[in-house]
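So you can see what is in the structure, the chains are spelled out below.
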Number of protein chains: 2
Amino acid sequence: MAPRIHPLISLSETETNRARDIVRKAHLGSVLHFRVTFLQEPPKSELSKFLALEHSGRLHEVKPDKWPRRLARVHYDQLSPGSKVPKSVEVLVDLDAGCIASTEDIRVGAQPAHELQDVGAICEVSKLFKDRVAKFNLPEDFELVAEPWPYGGLDPADERDRRFMQALIFAVSTKSKNPDSNFYTYPMPIIPVVDSVTRQVIRIHELSTGGDGDPYTLPDGHFAEHKLHYQQPSEYVPELLSTSHRTDLKELNVVQPDGASFTVKDESLVEWQKWRMRVTFNPREGAVVHDAHFDGRSVLYRLSFSDMTVPYADPRPPFHRKQAFDFGDGALGDACNNLQLGCDCLGVIKYFDGVLVGADGTAKRSPNVICLHEQDNGINWKHTNWRTGRAVVTRRRELVLQFIITLANYEYIFNYIFDQAGGITVQARATGIVSSVAIDEGKKASWGNIVSPGVLAQNHQHIFCVRIDPAIDGHNNTVVQQESLPLDFDEHTNPMGNAYRVAEIPITTAGGYDANVATGRIFKVQNLDKLNPVSGKPVGYKIIPPTTQLLLAHPKSIQARRALFAQKNLWVTSYRDNELYAGGRYTLQSVDEVDGVADAAARRDDVRQKDIVVWSVFGLTHNPRVEDWPVMPVEIMQLHINPYDFFTSNPAIDVPPSKNAASRNFGSGDKNGSCCKAQEGEIQNASPHARL
Amino acid sequence: MAPRIHPLISLSETETNRARDIVRKAHLGSVLHFRVTFLQEPPKSELSKFLALEHSGRLHEVKPDKWPRRLARVHYDQLSPGSKVPKSVEVLVDLDAGCIASTEDIRVGAQPAHELQDVGAICEVSKLFKDRVAKFNLPEDFELVAEPWPYGGLDPADERDRRFMQALIFAVSTKSKNPDSNFYTYPMPIIPVVDSVTRQVIRIHELSTGGDGDPYTLPDGHFAEHKLHYQQPSEYVPELLSTSHRTDLKELNVVQPDGASFTVKDESLVEWQKWRMRVTFNPREGAVVHDAHFDGRSVLYRLSFSDMTVPYADPRPPFHRKQAFDFGDGALGDACNNLQLGCDCLGVIKYFDGVLVGADGTAKRSPNVICLHEQDNGINWKHTNWRTGRAVVTRRRELVLQFIITLANYEYIFNYIFDQAGGITVQARATGIVSSVAIDEGKKASWGNIVSPGVLAQNHQHIFCVRIDPAIDGHNNTVVQQESLPLDFDEHTNPMGNAYRVAEIPITTAGGYDANVATGRIFKVQNLDKLNPVSGKPVGYKIIPPTTQLLLAHPKSIQARRALFAQKNLWVTSYRDNELYAGGRYTLQSVDEVDGVADAAARRDDVRQKDIVVWSVFGLTHNPRVEDWPVMPVEIMQLHINPYDFFTSNPAIDVPPSKNAASRNFGSGDKNGSCCKAQEGEIQNASPHARL
């Protein structure tokens, strides 16, 4: 028997191709179009036993045939002989047994990912589209480009089983003959809708280019006009920039003369500064962290970006259909950037590849979809004894696991950041080019901001959901809401009025919960069966829910119905295998959030000392600034997951204080570069005063 | 005439000593005790004219005798012949004219800083104290140490004109013979109160060491007992640590082969990446930023940490008197750490000295009280053209101005961070040792957490106030509250329910305002007289008020009365010279906040297009974790001040994309170290699809 593969390691190219072969064999005669193939993680009941044996060094006791089976989840379209409409199929393939283990029940109307690239090709050959474009009377030196978008927010008249896509249309200036000239600065006022099965443009929306006070739609038979005569170039690639680059930025290098402090085994097991975790990649969630331990103790079973939604708030139809679910809509794997050395982080960098599939199901390696590196983030802890002048200061080193996605105009940077004190920061950075539409000269619109002449950037939100599957010293955990509440004066209990009360309420039932700034609300995930020997309180971690605005769309709007997850700051649910996606398994063309976190919460399960999942929701209401154009500076959002009476002291107290010998005084003429070994920190001027 | 000094440059040692001489000469025969001496900044009406000339390159037009006068603000105690009680005096000394220009009116009861160090000495010789200590029957190998604290929250019976201090008493283990052994782990249950004028211990509070359900005070005649028999060592200095240091942290150096990207002139004028500002130091606010311009345009007139308060919530008297105002209580200058190369930041570092005074008024140079350096903070902006695969990515370089204070057990790290896109982040990091009191074995207390056997860390808050004196393209500015609000369905204005409304309300009257997460409330500081040529909206910066809990103490408690500033997230006031301190000019022994931001707001001045000041309040409700012991990992709080339609595009669009040549692949064997010149970023795999 072949050497066994750790059950969390992502599918290899060989395994992916084996899954392809098994699926093909089962559908001889049909035309298959593969969407995604990735590892089906073993059931938790099975995997957690395996991991326990692994952590206790007893894996050798597991007989080869008792290892968790390697399963592939494969999603594909099947066009049976004689049929014109493909059927969407999702199966689990048993790679060990060489057969399809089960066929998943896909609900009616659930849509697989569609061919984004096809949208342009379909427009290109469409007479409807070509006739409409001719009416624009495009100036010389301009061509058109179609930017495929998911068709969010079906209208009641839309047949749910059809596969729709929409395209935002832009003009490209051909003057520069540079294929990276920024076309988003020339939005065109039409949106074609295509049927990706029949490969036809089925209608073209004429967009209003008016502002406040203007009608939302054009009268029937009217055609919107382009604004190219006053829209302006807005370049970002260096060779096209209208201003020259600033020249006074000197080089800053991160140099690690002895290499990185982390180790990586099996291309998945990462160990660093008492942390130990498995890192995997899949085309639905990007980078995923599994089985995270600190100092030999279990903290998390699984940590992932579960979902996100980006609803646009322009009230004019069909802009309600601009609502992306960048994880759930199905193209995340292809959207992951192939990172390059020295571009997306500094220092010593480990890159992880991902395995995607082509339409024929064949594995294709996507290089460098995740990067791993260390960074310095200022002071970790410091204390100066003012009596002796002795300062002890340590620096805060962090381990960063990063992946970046590009979705048409926009970029998201996702970071899982681990620190030396047992803390985790989950960070999302938004950058890229804000979505733009055309607006008449001299007008303003309250649903957006003019970021360049004739270019309106529409108001929108980005709402993320991070799925935290905790394992605080075991799988039975409880979420406890902690609040700090004011108290009335009371002769006996608050005689001076300075006291406040810390109220702790365990969450007993699955549901959605709100943040509350006024009460300083935090959520602890505790293991009530294990007490901290110092404080006597249950061991735990705290989740500080980022206090950001939730979804603004009307609760009865299709935008809100599709994204129930985005309407609470924190969800607590009981664990079920495969319940991974807050917005539901299939978000493309969804009308309601189905099988998402709201459905899981609606079971109202008992969540006291159970195997639970915590979902943290946060985001950004993005009313664009002119400064966001043409490429926006990062907006940074962060979620903190920190120990709270989990350890018996500061877990970073053993970080050696050091005096960095590579640092240099400004203007000393002594340029830095070489490195010496660490020595202890500063001694300050001693105070003359000592003890009694 | 001597060459003129820029009117914002802090007083030199020579000027400080000249101020001393002028004051002494005016008080021949009196005994003087100097507290602080620092630059009195010129009135804004005068300084802003001067700065306008400076920015237009016309300073040579200003005749030497028309330069703003150099004034020193000097605060001292005067003991007149025959008097036993010193009088507190604050004067402005005209250094040019060589005379006292004015004597400030100090309100009754306002207290100067007291001698912190004296508290220990007073206890040491006090019979009352020695008799009490004898009752402890201290074990061998323990000595006592007195930790001076301000006497916050006077009781009604306390005479306001007396100068009180209190001391927290700790035992020091002498076993290790190490003067840096952590004594905070042995809190003793007494608090002596001293009169620092009569130099007597006037009473000793016996502290309850009980927990929930126990009486808050000891019966008369009872003496609290120490807990040294079960309190434990909690060391942090390397040589005393019970565990050895982790050994797997490899060196990480920041190397700037061509030096720093900033320049510093006159030890105060800093220029970096289109930013230009004056940096000064004074013993009341630490580092202050003045006259900040970006790309030649005025953004801020002045930026400072104005105040902070740290109220403790242990309901048992006299703990209501644990309430520090670390800026206002008067010892900030001496609390500033003397930073050392390689300890508090990495890379090429510029240090600034400060000038303090001794009791005799003589200048003493405090080296390295501020440091200035650059840091890399990940990606700045990125966009990948998915059609061509071309990625353009720039890194986010930041300029960090840092100072650190130590107040007895605790440390605060303050950072002003400037970025390349015109943004400012004001950051406070809390670290150091949490304040501790003794608790009986086996008990718990709801007002704190047990962080080590017999050691209770009391719940408390840290509330900061940052004073922002904006100058958005001039001094007449308006604060506009912006909210994003849900909308009902409406056939005409919100037919699909996806729209939300951005409501903007100018603040017309000075006052205190709240943050509101639910409405996504932000505050723009706009110049209504100047429109952004692209968006047509007034130019401005936005302040995102950190949504943190405000002061919890009962509004009628002395803690709350002393800190009105801590009860609103944002204050807007009209500008007045010398109105700098949110908690009032003298916080030591204050009973109410006097002449603080609440009083300024109470003028209810018109603040539409006026010279205004914005005060941002944020903080941390700190219910200690076991992990905060013995030295806590930093807690990071941040305030963001970002352009909002101030510029005509992303001001960082001209940051050159680069591929860092010093970065290395993990495990490549090619250790990094040397540096090459920047080159452009990555090219990703090109998509096969191109234009229509």
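Residues numbered from 1 in each chain as written. Chains lettered and ligands numbered in written order. Predicted model: local features only at pLDDT ≥ 70, side-chain atom pairs only at ≥ 80, totals over all residues. Heavy atoms only, no water.

**Student:** What should I look at first to understand the pairing of strand S18 (residues 390-407) of chain B in this one?
**Tutor:** In the case of a regular strand, side chains alternate between the two sheet surfaces. All names here are of chain B. Most of S18 sits inside the fold, with 18 of its 18 residues counted as buried. Bridge count between strand S17 (residues 363-385) and S18: twelve bridges; the pairing is antiparallel. Within the sheet, the bridge partner assigned to Thr-384 lies in S18 and is Ala-391. Between the end of S17 and the start of S18, which pair antiparallel, lie four residues, with Gly-389 showing a positive phi angle near 80°. As paired strands, S18 and strand S19 (residues 410-419) are joined by ten bridges and run antiparallel to one another. Across the sheet, residue Phe-403 finds its bridge partner in S19, namely Phe-414. What sits between S18 and S19 in their antiparallel hairpin is a turn of two residues, with Ala-408 showing a positive phi close to 55°. (Buried < 20%, exposed > 50% of the residue type's maximum accessible area, 1.4 Å probe, protein only. Helix = DSSP H or I, 4+ residues; strand = E, 2+ residues; numbered from the N terminus. Pairing = 2+ DSSP bridges.)

**Student:** Just to check I follow, could you spell out helix H2 (residues 44-55) of chain A for this structure?
**Tutor:** Three- or four-residue spacings in an α-helix give side chains the same orientation, since the helix completes a turn every 3.6 residues. All names here are of chain A. Counted at 1.5 Å a residue, the expected span for H2 with its twelve residues is 16 Å, and the 16 Å between its end C-alpha atoms agrees. Taken as a whole, H2 has its buried residues at Lys-44, Leu-47, Ser-48, Phe-50, Leu-51 and Glu-54. For H2, the angular spread of the buried residues around the axis is 160°, confining them to a single face. Along H2, the residues that are exposed and aim more than 90 degrees away from the buried face are Ser-45 and Lys-49. (Expected span 1.5 Å × (residues − 1). Arc of directions from axis to C-beta.)

**Student:** Before we go on, may I ask you to explain the sheet that holds strand S2 (residues 71-79) of chain B in this structure?
**Tutor:** Sheet strands line up and pair through hydrogen bonds in the backbone, either parallel or antiparallel. All names here are of chain B. Here we have four strands laid out as an open sheet, ordered S1-S2-S3-S4, and antiparallel in their pairing. Looking at which strands have only one partner, the edges of the open sheet turn out to be strand S1 (31-40) and strand S4 (99-104). Strand-to-strand, the axes of this sheet are offset by a mean angle of 30°, without reference to chain direction. Where S1 and S2 come together, nine bridges link them in antiparallel fashion. (Axes fitted to C-alpha atoms, helices over the stretch in contact; angles between N-to-C directions.)

**Student:** What's the story with helix H1 (residues 13-26) of chain A in this structure? I'm lost.
**Tutor:** Residues and elements named next belong to chain A. Its 14 residues give H1 an end-to-end C-alpha distance of 20 Å, which sits within 8% of 20 Å, the value for a rise of 1.5 Å per residue. Along H1, the residues classified as buried are Glu-15, Thr-16, Asn-17, Ala-19, Arg-20, Ile-22 and Val-23. Between the side-chain oxygen at the start of H1 and the backbone nitrogen of Thr-14 there is a gap of 3.4 Å, and the oxygen is on Ser-12. (Polar contact = N/O pair within 3.5 Å; in protein donor to acceptor, adjacent residues only side chain to side chain.)

**Student:** Even after reading the chapter, I still don't get the pairing of strand S13 (residues 286-294) of chain A, so can you show me in this structure?
**Tutor:** All names here are of chain A. Among the nine residues that make up S13, nine are buried, leaving the element largely enclosed by the rest of the structure. Relative to S13, strand S12 (residues 275-282) is paired through seven bridges, and the arrangement is antiparallel. Each bridged residue has a counterpart across the sheet, and for Phe-281 the counterpart in S13 is Ala-287. Hairpin connection, S12 to S13: the antiparallel pair is bridged by three residues. As judged from the five bridges shared by S13 and strand S14 (residues 297-311), these two strands associate in the antiparallel manner. Counted as the bridge partner of Ala-292 is Leu-300 from S14. Connecting the antiparallel pair S13 and S14 is a turn made up of two residues, with Asp-295 showing a positive phi of about 55°.

**Student:** Honestly, the nonpolar core in this entry has me stumped. Any pointers?
**Tutor:** The tendency in soluble globular proteins is for nonpolar side chains to be buried side by side. Grouped together as the largest cluster of nonpolar side chains are 107 residues, with contacts concentrated most on Trp-275, Leu-303, Tyr-412, Phe-414 and Tyr-416 of chain A. Looking at this core element by element, the count peaks at six residues for S14 of chain A. Membership of the second largest hydrophobic core comes to 104 residues, among which are Tyr-184, Val-264, Ala-335 and Ile-433 of chain B. (Core = buried A, V, L, I, M, F, W, Y, C linked by side-chain atoms within 4.5 Å.)

**Student:** When you look at unusual backbone geometry in this model, what are you seeing that I'm missing?
**Tutor:** Glycine aside, residues mostly have negative phi, and peptide bonds are mostly found in the trans state. Residue and element names in this part refer to chain A. Here the residue pair Pro-317 and Pro-318 is connected by a cis peptide bond, since its omega of 5° sits within 30 degrees of zero. Not every positive phi belongs to a glycine, and Asp-266 is a case in point at roughly 55°. Residue placement: Asp-266 occurs in the loop between strand S10 (263-265) and strand S11 (269-272). Look at Ala-408: it is not a glycine, yet its phi comes out positive at around 55°. Along the polypeptide, Ala-408 turns up in the loop between strand S18 (390-407) and strand S19 (410-419). Taking relative accessible area as the criterion, Ala-408 reaches 14% and is therefore assigned buried.

**Student:** Even after reading the chapter, I still don't get the domain arrangement of chain A, so can you show me in this structure?
**Tutor:** Where interface size is given, it is often the accessible area lost as the parts come together that is meant. All names here are of chain A. Splitting chain A by domain gives domain 1 (13-104), domain 2 (118-240) and domain 3 (263-312 + 323-434 + 459-643). The straight-line distance from the C-alpha centre of domain 2 to that of domain 3 is 36 Å. For the domain 2 and domain 3 pair, buried surface summed over both sides reaches about 1,400 Å², with 65% attributable to carbon and sulfur atoms. The three residues of domain 2 that bury the most area against domain 3 are Trp-149, Leu-154 and Tyr-184, which together make up 36% of that side's buried surface. Seen at the junction of domain 2 and domain 3, the total is zero salt bridges. Linking domain 2 with domain 3 are four residue pairs in polar contact (both at pLDDT 80 or more). Among the elements that line the side of domain 2 that touches domain 3, the one with the most residues is strand S5 (residues 142-150), at three residues. In terms of residue class, the side of domain 2 that touches domain 3 is built from seven nonpolar, five polar and five charged. (Domains from an automatic or database assignment. Buried area = accessible area lost by both parts, 1.4 Å probe. Salt bridge = Lys/Arg side-chain N within 4 Å of Asp/Glu carboxyl O. Nonpolar A, V, L, I, M, F, W, Y, C, P; charged D, E, K, R; others polar.)

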